[in-house]
Structure formats: C-alpha cells, structure tokens
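Residue-level listing of the chains:
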Amino acid sequence: MRKKVVDSLVIGFALFSMFFGAGNVIFPPYLGLGSGDQWPLGFLGYYIADVGLALLSMFAILRQGSPTGVTARIGKVPAVMLMCAIVLCIGPMLAIPRTAATTYETSLLPLTSAVSPVAFSVVFFLVVLVLCLRESAVVDIVGKILTPVLLAGLLVLIVVGIVHPLGPVSPEPLVENVAATGIEAGYQTMDVLATLIFGYIILKSAWKKGHREWKDQARVVAGASVVAGVGLLVIYLGLTYLGATTGTFFDLSVDRTQLVITIVRDLLGQGGMILFAVVVALACLTTSVGLVSSCADYFSGLTSGRLPYKALVCVICLFSAIISNFGINEIIAIASPILSVVYPPTLVLIVLAMTGNRLKNKWIFRLGALGALVVSLVENVGPMVGLDVSFLSHLPLDALGFGWVLPAALCAVVGAFLPKGKAAPAKKS
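Residues numbered from 1 in each chain as written. Predicted model: local features only at pLDDT ≥ 70, side-chain atom pairs only at ≥ 80, totals over all residues. Heavy atoms only, no water.

Peer 1: Mind showing me how you'd approach the overall build of the protein chain here?
Peer 2: Across its full length, the protein chain holds 16 helices and zero strands. Computed over the C-alpha atoms, the radius of gyration of the protein chain is 21 Å, within 12% of the 22 Å expected from 2.2 N^0.38 for a compact globule of 429 residues. The dimensions of the protein chain, computed from C-alpha atoms along their principal axes, are 65 × 50 × 40 Å. Burial analysis of the protein chain (429 residues in total) assigns 56% to the buried set. Residue pairs in contact within the protein chain that sit at least 24 positions apart in sequence constitute 85% of those at least 6 positions apart. For the protein chain, the accessible surface area stands at approximately 17500 Å², while carbon and sulfur atoms represent 71% of it. (Helix = DSSP H or I, 4+ residues; strand = E, 2+ residues; numbered from the N terminus. Rg over C-alpha atoms; globule rule 2.2 N^0.38 Å. Buried < 20%, exposed > 50% of the residue type's maximum accessible area, 1.4 Å probe, protein only. Contact = heavy atoms within 4.5 Å. Areas by Shrake-Rupley, 256 points an atom, 1.4 Å probe, with all protein chains shown as cover.)

This is how it looks when you write it as structure tokens:
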C-alpha cells in the first residue's frame, strides 16, 4: 500500500508538470483580468474545461484499459485519423512549439534581448531531445526533480499576490460571457487532448514500477490523477486571482505575456523576474518533454516500431523548433479554430468510453462523434466560406461553446436503433 501511495505521488507530480505548461501560465491571469469580480465563475469554467475534462479522459482510459480504447469504437481508420489529428495538435503543430515560444517571450526576452528566438529554440529543443532520449526516465525526471521546484516557485508568487494584491478586483467583467470565456481558455490549454497521449507514458510508468495487474494500475493512475488535479486547482485559482487584481490597470488589449510579466515584476521585483523565468522554463520544459516523448511513442507504436522512437523524437523536436518561431499569439490564433473542430468528437467518445463495455452498438459511438464533428465544422468553417451559421445560436448550451452536445446526443440515440455491429471491447493493458 505504501508503494502505491508513493508511486501515485511521483506519477501525479509528473502528470501535473506535463499538464502545467505554456498555456497554463498565460491563460489564467488573462482570464482573471477579463472576468473582474466574476473571476471565480471564469475560473470554474476554465477548470472544468481543462482539468475536469482531462481527468474524465484519464478515467475513461482506465475504463477502457488503454488510450486507444477510447476511440476504437468508431472503427480502425476513423480512430487512427482522429488520434493522428489529436497527436499533431498537442504535438509538433501547436502545443510543443508553444512551449518554446512561451519560454522565450516570458522568461528570456524580459531579461535580455541578446538571444535570438532561433538560437533559443535550438537550445530549448536540444535539452528536450536529451531528456526524451532517456525514455524510461522521463516520468521520474519530471516527477522527482523538476516539479517540486516548479510548484515552490509558483506558490511563492501566488502567496505574495494574495498578501499584497496589486490592486482591487474590478467590479465589472470586461467580457460578455465569463463562463464561456473560461471554457474557451480551458480548451486552449489542450490538456484534454494531451491526456489521450500522456496516457501511454503514464500507464507504461505504472507498469514499469511493478504494477502489472490492471486493477493495481488503475488505483495508482487514479491516485496520480487526483494528485495532479488538486495541484492544478491551487495553482490555477491563484493565477486567476492575480489576474483579477490587475483590472484597474489593464484592459483586454494587453498582451497575455506582458500581463504575466507585469504581475511578476510588480509583486516580486527584478529578483522575482529571474525566479519566474526559471518557473516558466521548467513548466514549459516538462510539458514539452512529456509531449515529445508521448507523441514519438504513439507514432512508433502505430507503425509497429518501423519508425523508431529516437528517430521520431529528433524529427518532432526539429519541426517544433521551426514552428515555435511564429510566436505565441500566432500559434494561439492558429490553434483556436482547429481545436474547436477536434474537441467535440473527442469529448463525445470520452463520455461514451466511461460506460466501459456496456454499450455494444458501434453506431452509437460513430454517429455521436459524427454529429459533434459536423456541427463544429459548420460553426468554424461555415463563416470562412460565406455560410450564415446564426441558426446554431438557437442550440442549447451554444453560448457556452457546447452547441454540439444536443446534435451529438440525438445522433447517438439514432445509432442505438441501427443494426448492431459489435466492436471488440478494448483490451486491458
């Protein structure tokens, strides 16, 4: 029992540090600024859309026995296509480059402009490369060494901000819909999508620590998920509050990274800027290590080892280094419509996966995911081609960004009445 507790803590710290990366540093303070005195509501939307759904995804993985079990019911080819899209989003296309861009803009640039973003991206991903090539040590490296330092630095910043707030919380929010803004910010972190990839490395870590039975793995990983969830609750809540105390100084035109830098400088001075530089670098580095390692592991497994893990790590690091030079704002702008399309069908499958193997008809999964995908495509692609999509505003929950829920549910119900095509239950691993 003691070993399970210790392993849950170590893996939980690793999971925390994998989740807490680039977006998790810059989004909560900006959300707090926009939410004003309604910042707890904004935080709640953010936490549910980020940590809540990410933990739901982790438990869905445990119910199915593996990350691929969550998507397997829609058929082999669609499942592979969806997983590849997810891996590319949380991998070299968006999330991994954002870690380097965030580190450069919030850690290095405020201290010195002598280092070019190109040179920095090369050094950053060389460090990631070295850590990831030691595949078996990734979880222990981030769980035992980097995360405690990361947590300590963030807690110092938050405590000082609570004891000596920068200013009064604005009495009025700067955004029209605080809850929806929080949910959208939670989407941008991409933690829900990342869980489907992190699941590989987390389950593998539990197995290597001697938890070979599925029930033992489930207990350890469930405990780790709780540890990560509590840690993220404390940090997110604190960072959102810090942003809310800047409402009398800034409006929404302020750059996200500049807002964070100002908070740190005003609370902790130049010494605090150096501390924050280390904290952000660790947050982004640990997330990048987890993402690169997990993405390489996925594609290596998908090709049955024909694409070696180490070669994939090198390719992912090289491509991410190139994309990272676009900058944070450009990467966020690119990510928004892509995530709005990928998230809905993924969330449908996560929710359905929580039922275990009770739902035998594959059409429930296929049509449910398809309904969510169609609505999200119309909503995001329609305006680009001149299509009037105002009718979607009449859907329930559309104001919160969940207008696809009802169509997905109706499609899933229709699927339940179609002739059953039984898909083999996902194997426990």
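Peer 1: Looking at this model, I keep getting lost on the nonpolar core. Mind explaining?
Peer 2: Burial of nonpolar side chains together is a common tendency in soluble globular proteins. One finds Phe20, Ile86, Ile90, Val128, Leu347 and Trp404 to be the most contacted residues of the largest nonpolar core, which totals 127 residues. Here this core takes 20 residues from helix H12 (residues 256-302), the largest share from any one element. Not counting chain neighbours up to four residues away, the residues in contact with Trp404 comprise Tyr187, Pro344, Leu347, Val348, Ala372 and Val375. (Core = buried A, V, L, I, M, F, W, Y, C linked by side-chain atoms within 4.5 Å.)

Peer 1: Just to check I follow, could you spell out the packing of helix H7 (residues 117-133) against helix H13 (residues 309-324) for this structure?
Peer 2: A pair of packed helices is captured by two measures, namely the crossing angle of their axes and the spacing between those axes. Relative orientation of the contacting elements H7 and H13 amounts to 160°, with a least axis distance of 9 Å. Regarding the angle of H7 to H13, the classification is roughly antiparallel. For H7 against H13, the interelement crossing comes out right-handed. Where H7 abuts H13, its residues Ser121, Phe125, Val128, Leu129, Cys132 and Leu133 lie against Tyr309, Lys310, Val313, Cys314, Cys317, Ser320, Ala321 and Ser324. Partitioned by chemical class, the residues of the contact of H7 with H13 number ten nonpolar, three polar and one charged. (Axes fitted to C-alpha atoms, helices over the stretch in contact; angles between N-to-C directions. Parallel < 35°, antiparallel > 145°, perpendicular 65-115°, else oblique. Left-handed = near helix turned anticlockwise from the far one by under 90°. Nonpolar A, V, L, I, M, F, W, Y, C, P; charged D, E, K, R; others polar.)

Peer 1: Explain the packing of aromatic side chains here, please?
Peer 2: Within a pair of aromatic rings, the relevant descriptors are the distance that separates the centres and the angle that separates the planes. Counted by the stated rule, this structure contains ten aromatic pairs. Judged by centre distance (5.1 Å) and plane angle (80°), the rings of Phe124 and Phe125 are edge-to-face. Owing to a relative accessible area of 6%, Phe124 belongs among the buried residues under this scheme. Between Tyr298 and Phe299, the aromatic rings sit 5.4 Å apart at their centres with planes inclined by 65°, giving edge-to-face as the arrangement. Since its relative accessible area comes to 6%, Tyr298 is described here as buried. Residue classification places Phe299 among the buried positions, given a relative accessible area of 18%. Members of the aromatic cluster, joined through ring pairs, are Tyr104, Phe120, Phe124 and Phe125. Its guanidinium or amino end placed over the ring of Tyr30, Arg256 lies 4.5 Å from that ring's centre, counting from NZ or CZ. Seen from the ring of Trp363, Arg366 lies directly overhead, with NZ or CZ sitting 5.2 Å from the centre. (Phe/Tyr/Trp six-rings, centres within 6.5 Å; stacked < 30°, edge-to-face > 60°. Lys NZ or Arg CZ within 6 Å of the ring centre and 35° of its normal.)

Peer 1: Would you explain the side chain of Thr102 in this entry?
Peer 2: Here Thr102 shows up in helix H6 (residues 95-108). A polar contact is formed between the side chain of Thr102 and the backbone oxygen of Arg98, at a distance of 2.8 Å. (Polar contact = N/O pair within 3.5 Å; in protein donor to acceptor, adjacent residues only side chain to side chain.)

Peer 1: Please explain the side chain of Thr257 as it appears in this structure.
Peer 2: Here Thr257 lies in helix H12. Look at Thr257 and you get buried, because its relative accessible area is 8%. Not counting chain neighbours up to four residues away, the residues in contact with Thr257 comprise Ile26, Glu105, Thr106 and Ile328.

Peer 1: For this particular structure, what's the right way to read a nonpolar patch on the surface?
Peer 2: There is a patch of nonpolar side chains on the surface, built from Phe59, Leu155, Val226, Val230, Leu233 and Val234 and spanning about 460 Å² of accessible area. In terms of residue count, helix H11 (residues 214-244) provides more of the nonpolar patch than any other element does, four residues in total. (Patch = residues over 30% accessible without salt bridge, like charges linked within 9 Å, V, L, I, M, F, W, Y side chains within 5 Å. Salt bridge = Lys/Arg side-chain N within 4 Å of Asp/Glu carboxyl O.)

Peer 1: Please clarify how unusual backbone geometry should be interpreted in this entry.
Peer 2: Leaving glycine out, the prevailing phi sign among residues is negative, and the prevailing peptide bond configuration is trans. The phi dihedral of Met190 is positive, around 65°, even though this residue is not glycine. The topology assignment puts Met190 in the loop between helix H9 (178-188) and helix H10 (191-208). What makes Met190 buried here is its relative accessible area of 1%. With phi around 55°, Ser304 is a residue other than glycine that occupies positive phi space. Considering the arrangement of structural elements, one finds Ser304 in the loop between H12 and H13. Assessed through its relative accessible area of 59%, Ser304 is described here as exposed.

Peer 1: Before we go on, may I ask you to explain helix H1 (residues 2-19) in this structure?
Peer 2: It helps to recall that an α-helix has 3.6 residues per turn; residues three or four apart then point in one direction. With 18 residues, H1 should reach 26 Å at 1.5 Å per residue; the first-to-last C-alpha distance of 26 Å fits that figure. Regarding H1, the residues found buried are Asp7, Ser8, Val10, Ile11, Gly12, Ala14, Leu15, Phe16, Ser17, Met18 and Phe19. (Expected span 1.5 Å × (residues − 1).)

Peer 1: Teacher, can you tell me more about helix H15 (residues 362-381) here?
Peer 2: Here H15 contains 20 residues, and its C-alpha end-to-end distance of 28 Å stays within 8% of the 28 Å for a straight helix at 1.5 Å per residue. Within H15 the residues assigned to the buried category are Ile364, Phe365, Leu367, Gly368, Ala369, Gly371, Ala372, Val375, Ser376 and Asn380. Against helix H14 (328-353) and helix H16 (405-416) lie the buried residues of H15. Where H15 begins, one side-chain oxygen reaches toward the backbone nitrogen of Trp363, 2.9 Å away; that side chain belongs to Asn361.

Peer 1: Explain the layout of surface pockets here, please?
Peer 2: In this approach a probe as big as a water molecule rolls over the atoms, and the regions it shows empty are the leftover space. Here the second largest pocket is characterised by a volume of approximately 370 Å³. Residue lining of the second largest pocket: 17 residues in total, with Glu184, Tyr187, Ser340, Leu400 and Gly401 positioned closest to the centre. Sorting elements by how many residues they give to the lining of the second largest pocket places H9 first, with six residues. Of the residues in the lining of the second largest pocket, the class split is eight nonpolar, six polar and three charged. (1 Å grid on protein atoms, 1.4 Å probe; cavity = no way out; pocket = protein on both sides within 12 Å on 5 of 7 lines; lining within 4 Å. Points joined across faces, edges and corners; volume = space filled by probe spheres on them.)

Function cannot be read off these values alone, since they describe shape.
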